[in-house]
Amino acid sequence: MGHTSWLENRFVLRLTHSFAPALFKPIVEIGLSLILVAWITGCIFCIGSKTIGYEVESLVPPELPGHRVLEPLIGFAYVPS
C-alpha cells in the first residue's frame, strides 16, 4: 500500500531516513533516557505529595447550611479526591 499524497510520502521518507536513525545514536538514547527518568521521578514526587480526601470547608463554606450536613458524612465515609 503506497502513500497517497506527496506530503505523506515526504513525511515518511523524513522519518525513515533521518529521524529514526538519529534515535539510535547513543547520545540521543542517553539523553532521552535521562529525560524519561526525570519525568518519572517528578510524577512519583507529585503523586507522593498528593493528599487523599476532601475537607468540608473546601466543598461547602462554613456559613452555608450544607456544611453541617456534610461534616458527619465526611467524618464517617471515605471520600477520595
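Please read all numbers here as calculations on a predicted model, not as lab measurements.

Turning our eyes to something else, we now look at the overall build of the chain. When helices and strands are counted, the chain shows four helices and zero strands. Counting helices and strands in the order they occur from the N terminus, the chain gives α-α-α-α. Going through the 81 residues of the chain one by one, you find that 6% of them count as buried. For the chain, the accessible surface area stands at approximately 7300 Å², while carbon and sulfur atoms represent 72% of it.

Here we take up a nonpolar patch on the surface. Taken together, the side chains of Phe11, Leu15, Phe19, Leu23, Phe24, Leu32 and Ile35 present a nonpolar region at the surface, about 730 Å² in accessible area. Those elements that provide at least two residues to the nonpolar patch are helix H1 (6–23) and helix H2 (26–48). For the nonpolar patch, the leading source of residues is H1, giving four residues. Tracing the chain through its elements places phenylalanine 11 in helix H1.

Taking 1.5 Å per residue, 18 residues should reach 26 Å; H1 reaches 25 Å between its end C-alpha atoms and fits that length. Where H1 bends most, at leucine 15, the angle is about 40°.

Moving on, we come to H2. The end-to-end C-alpha distance of H2 is 33 Å, a good match for the 33 Å that 23 residues give at a rise of 1.5 Å each. Of all 23 residues in H2, zero are buried; the element is thus mostly exposed.

The rules we used
- Residues numbered from 1 in each chain as written.
- Predicted model: local features only at pLDDT ≥ 70, side-chain atom pairs only at ≥ 80, totals over all residues.
- Heavy atoms only, no water.
- Helix = DSSP H or I, 4+ residues; strand = E, 2+ residues; numbered from the N terminus.
- Buried < 20%, exposed > 50% of the residue type's maximum accessible area, 1.4 Å probe, protein only.
- Areas by Shrake-Rupley, 256 points an atom, 1.4 Å probe, with all protein chains shown as cover.
- Patch = residues over 30% accessible without salt bridge, like charges linked within 9 Å, V, L, I, M, F, W, Y side chains within 5 Å.
- Salt bridge = Lys/Arg side-chain N within 4 Å of Asp/Glu carboxyl O.
- Expected span 1.5 Å × (residues − 1).
- Bend = angle between axes of the 7 residues up to and from the residue.

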